[in-house]
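Report on the structure
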Amino acid sequence: MTATGGGRNGAANPQPRCARLEGVSTRIHLDPSFSVADVDPRIFGSFVEHLGRCVYTGIYEPGHPSADEHGFRGDVAALTRELDTPIIRYPGGNFVSGYRWEDGVGPDRPVRLDLAWRAKETNAVGTDEFCAWTRRVGSEPMLAVNLGTRGVEAAADLVEYCNHPGGTLLSDRRRANGYTDPHGVRVWCLGNEMDGPWQIGHKTAEEYGRLATETAKAMRLVDPSIELVACGSSGLAMATFGAWEATVLEHTYEHVDYVSLHSYYREDSGDRGAFLAAATDMDRFIESVAATADFVRAKGRHKKRIMLSYDEWNVWFPTHQDDNAEWAEAPEQVQNTYTALDAVVVGNLLISLLRHADRVRMACLAQLVNVIAPIMTVPGGTSWRQPTFYPFALTSAHGRGSVLHSVADGPTYSTEPYDDVPVIDQVAVCADDGSLSVFAVNRDQREPQRLELDLRAFPRLRSAAHTVVRDDDPMATNSAAEPDRVVARDRGTATVEDGSLTVVLPPLSWNLVRVT
Ligand code: AHR
């Protein structure tokens, strides 16, 4: 593989690190008997934060030609359904750490300063509108509670408001607000990134562990059926990483079900080989957090096992708009324009999540609309799919079933942060009907690579359809003017011969091979 090209600004990559691999194949052996785990569809979750234009002029825009009777954009709802995201986190993110949920329900909606993003929050959309919208788009809400400026009481109150059937002050308030049926919110995040000094109400691991425990207990007293996520580190690079998870879980172990992970990737100093290895970083992060959770389990002689909620992940690079809020309403913030290259990396990160289906039970692509998002909108105007939309939608559509152990044999390359990065990274999912979906990324920037599948254990599989996301120009993007430059394209079919299938993966590409 040749590490060429440059960063987003075209800077040359100073250090080609990879050996050439012409004519080399990666061979994987698959067997339906060797399953990692069934995929929890909630790993295809997404995220809507009160940030930039995600809510206002994103999902919600009364007066837009496509708006429904509730003021939500019909075009965005249709794209959200197409994205096939079964759970959506809300309302933050950093925003939640200064949020008063009561501002966003009922007839009186105060305008507030959003201290996290320095914007003006009208509260026109709140918990009721969001929960009802998620159901309309075929999804379910995952709500975060404020453990920055608030605590036990506000969190327990919100559970009562959302989930209690009626006959109490807060559940009757919901009914009076027009929501007779409880919202039935199953999954709750105990704060957001509380390890981060940028977080409003940032805490030490001890402080957070105690508060999360007491909050979890009170929330569960209101509704014992809820699932709870404790905040893990907001990134593998945090100085407190590891120790944070251990301390927090020592406090919360018996009171929560998941610990969270967050990470964002970008191409730094033109090191494309390292950017393409983002999924290797994600693999390590997942495996380290799982090991830490298991250490706490062993130390505390706990029976249950803590699962992982990777509830923020994406490619994210700084843009010129990011500091432009200054108390504006729905300012343009964090509006990344994604490239074909970013789509390959996003698709690869999904491969890592699938590979860890035994531990990662939920994950949220951050975010859904306009803000580091697969869906973009023009206020009052059109909407379009970013290149990253395609690997996500296709993985969500075809990545349901049982993840198989795949024994891979193929070339690797080294980058500054990682050794032994596979040139082809892949995962296979066997559906209930016996068909197989193989998701694969070719990280080679110049050369096509052959992927050989040993399918002798699948005697009934005959032929394969190959779909690709890539572009001759890795920096190609979609826009309102050219919405379909980077899309998923059919690349033909292949036949299984003598239990073996070979597909050629173009350079810098994300691939779906569906074998039926
Ligand atoms: O997704 C954008 C921001 O990234 C979130 O608000 C925060 O949790 C993270 O740092």
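Everything that follows concerns the structure shown earlier in this document.
Residues numbered from 1 in each chain as written. Predicted model: local features only at pLDDT ≥ 70, side-chain atom pairs only at ≥ 80, totals over all residues. Heavy atoms only, no water.

**Concerning the sheet that holds strand S21 (residues 436-442)**
Read across the sheet, seven strands follow the order S2-S16-S20-S21-S26-S23-S24 without closing on themselves; strand pairing throughout is antiparallel. Strands at the two margins of the open sheet, each flanked by one partner only, are strand S2 (35-38) and strand S24 (488-495). Across the sheet, the mean angle separating the axes of adjacent strands is 25° when strand polarity is ignored. Pairing of S21 with strand S26 (residues 509-515), which is carried by seven bridges, proceeds in the antiparallel orientation. Opposite Val 441, over in S26, you have Trp 510 as the bridge partner. Running at roughly 20° to S26, helix H10 (residues 389-398) makes contact with strand S20 (424-430), S21, strand S23 (463-469), S24 and S26 of the sheet. (Pairing = 2+ DSSP bridges. Helix = DSSP H or I, 4+ residues; strand = E, 2+ residues; numbered from the N terminus. Axes fitted to C-alpha atoms, helices over the stretch in contact; angles between N-to-C directions. Contact = heavy atoms within 4.5 Å.)

**Observations regarding unusual backbone geometry**
Note that the residue after Tyr 90, namely Pro 91, is joined by a cis bond; omega there is 0°. Secondary-structure assignment places Pro 91 in the loop between strand S4 (87-90) and strand S5 (112-114). In this structure, Ser 269 takes a positive phi of about 45° despite not being glycine. Residue placement: Ser 269 occurs in the loop between strand S10 (258-265) and helix H7 (272-276).

**Considering the sheet that holds strand S6 (residues 119-121)**
Pairing is mixed in the open sheet, where three strands are placed in the order S5-S6-S12. One side of each edge strand has no neighbouring strand; the edge strands of this open sheet are S5 and strand S12 (328-329). Relative to S12, S6 is paired through two bridges, and the arrangement is parallel. Its bridge partner being in S12, Ala 119 is matched across the sheet by Ala 328.

**Describing the packing of aromatic side chains**
In this structure the tally under the stated criterion is 15 aromatic pairs. Relative to Trp 133, the ring of Phe 72 lies with its centre 6.1 Å away and its plane at 20°, an arrangement referred to as stacked. A residue pair is termed long-range when its members are at least 10 positions apart, and Phe 72 in the loop between strand S3 (45-47) and helix H1 (74-83) and Trp 133 in helix H2 (residues 127-136) qualify at 61 residues. Comparing Phe 72 with Trp 133 shows no difference in burial state: the two are buried. Measuring from ring centre to ring centre gives 4.0 Å for Tyr 90 and Phe 130, while their planes differ by 5°; the resulting arrangement is stacked. (Phe/Tyr/Trp six-rings, centres within 6.5 Å; stacked < 30°, edge-to-face > 60°. Buried < 20%, exposed > 50% of the residue type's maximum accessible area, 1.4 Å probe, protein only.)

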